[in-house]
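Coordinates in review
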Amino acid sequence: MGIELRGVSKTFELKNRKVEALKQTDLSIKDGEIFGLIGFSGAGKSTLLRVINLLERPTSGSVIVNGVVLDSLTEKELRTRRQKIGMIFQQFNLIESKTVYENIEFVLKASKHDKRKMADRVNELLELVGLTDKMHSWPKNLSGGQKQRVGIARALANEPEVLLCDEATSALDPDTTKNILRLLKKINHDLGITIVLITHEMEVIKEVADRVGVMSDGEIIETNDVYSIFSHPQHNVTRGFVQDIYDFVIPPHIRETDSSQVITIKFLDENAEANYVNQLYRHFDLDISILNGRIEYINGMPLGFLMLHVQGDGGEIGNLKTFITESRGIEEAEIYE
Amino acid sequence: MSRLTEILPLLYRALLETTLMVSISIFFAVLIGLPLGILLYMTSNPLLFGMKPLNAFLGALTNVIRSFPFIILIVAIMPLATWLTNSSHGPVFASVALSIASIPLFARLAETSFNGIGKGVIEASIAGGASLFLIITDVLIPEAKRGITQAITLTIISVVAFSATAGVVGGGGIGDLAIRYGYYRYDTVTMVATVVVLIIIVQLIQIIGDFLSHRQEGR
């Protein structure tokens, strides 16, 4: 179950050239997880997301959602399946000429929902997203966050198994983004809906995702659970994204020599909270000053970074480095430029 | 002044003829032009009913009809008009040509208002599993309502202008009155009167159209 992409690729044929938006890709997204896809614009994440509900027909490969091979369905069957794959958008894409109520009702009409139960269902959804009082408002009178809530209610109307989020918070301010992400998490938790979201913001991934795929140049270059992506990014592009969050740079006035070095220590898991620093001061005959430090909580698990300026005997600095390497749960981090 | 009272019955009759021609033509313009506009729009959008050849064919067809100078169109379709109306002159007879001229005009204007609908809204509707029919009735038409209202206004005004030429087949109407009395007979009073009436009609249509299009809720 879940979502399976097998050998999926997408090539757009423009006037005189072909653009390979998505290279041959295999991807499994588990039932009930929140899978984040991160990448710069033009990385192909939007195409990949649209392949899942066949808004983009892949050039090759097949798309299997909860056991159903979507690309083998007739148009009519596909329509019915799409009702079980909700989607929300960066620009919300509400029908401006319909009220909040009518926007949600529209997708219920699409699935030929029982007319007598329609009003109940709409009210239920409005309650879920906290917009009962805006029922008769027009989209133009709503804030971005409220519009996205309508979008979410609409996407959930037909009790989907999967929710696709296309940069759903990119047009929102940071506070509203947090609220919407919290709502998505709640939906995932309470309703067990598999969520696939694409974003260019690592914050979003950190906030909600269970697993991440990093996209660059039309392919997924790295897939891992969120914690591993943050603690051990493999690919340069991933490192770039992770680095954005910590934003650590070696202060320009420090000149590194054998006897003056900048060492950044990474604290993993529960060790992020342990008192290794004490030990460093106690065991090594070195001048150690703290340049920068931060603990991030990723899915509730701490990940700490501490940037130190170490001065003293070169050999002793070597010992310090060995100590870091040999201690469990801490390691020397590279500062990726 | 006495001349003015003299032509009053003529003017009244012409006004009725114009109203009749405009009503018939706008009825068919919307009845056939709106589906044509929808089809033009849908066949150009791969998410909806993307069919490039059909789109190209329909596009060419509307362009061909719109290329005809109206007077030539009237003459060219005379046999068809005779067959349809079972007569060879008069306002109803002229309405055939007027309808044929206004259908592609309205279709193109309607298509333009559909093009103004955000691509994202269409995408969201498709992603929601809506049928094409539901998208037409619940997305395309309501979202383009304002543009369509303006398109109807514009088409009516164009038909009023076209109808002046309808005189060649005895269509009558105000424009025809202006040409026959005012132009051919150098009857200045009639000409001024008819032009004034035409100005008032066009203004009225525009004002009503603007009022209706601005009244559209939710936008």
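Going along each chain's sequence as written, the residues are numbered from 1 onward. Written order determines the labels here, with chains lettered from A and ligands numbered from 1. Totals for whole chains, interfaces and linings use all residues, but because this is a predicted model, local features are given only for residues with pLDDT of at least 70 and pairs of side-chain atoms are given and counted only at 80 or more.

What to know about the nonpolar core
- Residues of type Ala, Val, Leu, Ile, Met, Phe, Trp, Tyr and Cys that are buried and joined through C-beta atoms within 7 Å form what is called a nonpolar core. Residue burial is a threshold on neighbouring C-beta atoms within 10 Å of the residue's own C-beta, all placed from the backbone, with 20 or more meaning buried, 12 or fewer meaning exposed, and counts in between meaning partly exposed. Counting residues in each nonpolar core, the largest one holds 123 residues, and the members touching the most others are I104(A), A153(A), L164(A), C165(A), V196(A) and F106(B).
- The element that contributes the greatest number of residues to this core is helix α5 (residues 91–115) of chain B, accounting for 14 residues. Strands are runs of DSSP state E lasting at least two residues, helices are runs of H or I lasting at least four, and both sets are numbered from the N terminus onward.

Description of the sheet that holds strand β7 (residues 162–166) of chain A
All names here are of chain A.
- Pairing between strands requires that DSSP locate at least two bridges from one strand to the other. Taken in spatial order, the six strands line up as β6-β7-β8-β3-β9-β10 in an open sheet, and their pairing is mixed. Each edge of the open sheet is held by one strand with a lone partner, namely β6 (85–89) and β10 (219–225). The sheet shows a mean angle of 15° between the axes of neighbouring strands, direction not considered.
- The pairing of strand β9 (residues 211–216) with β10 spans six bridges and is classified as antiparallel. Counterpart to S216 in the pairing with β10 is E219.
- Across the sheet, helix α1 (residues 45–52) lies against β3 (34–38), β7, β8 (194–199) and β9, angled at about 155° from β8, the strand it touches most. Working convention: axes come from line fits to C-alpha atoms, limited for helices to the stretch in contact. Angles between N-to-C directions cover 0 to 180 degrees. Contact definition: two residues whose C-beta atoms, as placed from backbone geometry, lie within 7 Å.

Some words on the interface of chain A and chain B
- Counting residues at the interface gives 22 residues for chain A and 19 residues for chain B.
- Where the side of chain A that touches chain B is concerned, the elements lending two or more residues are α2 (75–82), β6 and α3 (100–110) of chain A.
- In terms of residue count, the dominant contributor to the side of chain A that touches chain B is α3(A) (four residues).
- Residue polarity is assigned by list, with Asp, Glu, Lys and Arg as charged and Ala, Val, Leu, Ile, Met, Phe, Trp, Tyr, Cys and Pro as nonpolar; anything else, Gly included, falls into the polar class. Residue composition of the side of chain A that touches chain B, grouped by class: eight nonpolar, seven polar and seven charged.

Focus: helix α8 (residues 174–184) of chain B
All names here are of chain B.
- Residues I174, G175, D176, L177, A178 and Y181 constitute the buried set of α8.
- The inward-facing, buried residues of α8 abut α1 (2–44), α7 (132–163) and α9 (188–215).
- The first or second residue beyond α8 is Y186, which carries a positive phi of 50°.

Side note on the domain arrangement of chain A
Residue and element names in this part refer to chain A.
- These domain limits were set by an automatic method or by a database of domain assignments. Domain annotation of chain A identifies domain 1 (3–243) and domain 2 (260–333).
- The C-alpha centroid of domain 2 is placed 40 Å from the C-alpha centroid of domain 1.
- On the side of domain 2, seven residues touch domain 1, which itself brings five residues to the contact.
- A total of four residues in the side of domain 1 that touches domain 2 trace back to one element, the largest contributor, which is helix α8 (residues 226–231).
- Classifying every residue of the side of domain 1 that touches domain 2 gives three nonpolar, one polar and one charged.

A short note on the confidence of the model for chain B
Residue and element names in this part refer to chain B.
- On a range of 0 to 100, pLDDT expresses the predictor's confidence in each residue. For chain B, per-residue confidence averages 89 on the pLDDT scale, and residues scoring 70 or more make up 98% of the total.
- For chain B, per-element mean pLDDT is lowest for α8, which scores 81, and highest for helix α6 (residues 119–127), which scores 95.
- Confidence metrics for the complex model read pTM 0.87 and ipTM 0.85.

With respect to the packing of α5(B) against α7(B)
All names here are of chain B.
- Running from N to C, α5 and α7 cross one another at 150°; their axes reach a closest spacing of 8 Å. The angle between α5 and α7 places the two elements in the roughly antiparallel class. The chirality of how α5 crosses α7 is right-handed. Seen from α5, the contacting residues are L98, A101, S102, L105, F106, L109, A110, T112, S113 and F114; seen from α7, they are L140, A144, G147, I148, A151, L154, T155, S158, V159, F162 and S163. The scheme is simple: roughly parallel for angles under 35 degrees, roughly antiparallel for over 145, roughly perpendicular for 65 to 115, oblique for anything else. The sense of a crossing depends on the near helix, which, turned anticlockwise from the far helix by less than a right angle, makes the crossing left-handed and, turned clockwise, makes it right-handed.

Points about the sheet that holds strand β12 (residues 287–298) of chain A
Residues and elements named next belong to chain A.
- Sheet architecture is open: four strands sit in the order β12-β13-β11-β14, paired in antiparallel fashion. Looking along the sheet, the strands with just one partner apiece sit at the ends: β12 and β14 (330–333). On average, adjacent strands in this sheet sit at an angle of 25° to one another, irrespective of strand direction.
- The sheet contact formed by strand β11 (residues 260–267) and β14 spans four bridges and is antiparallel. By the bridge assignment, I265 is partnered in β14 with E332.

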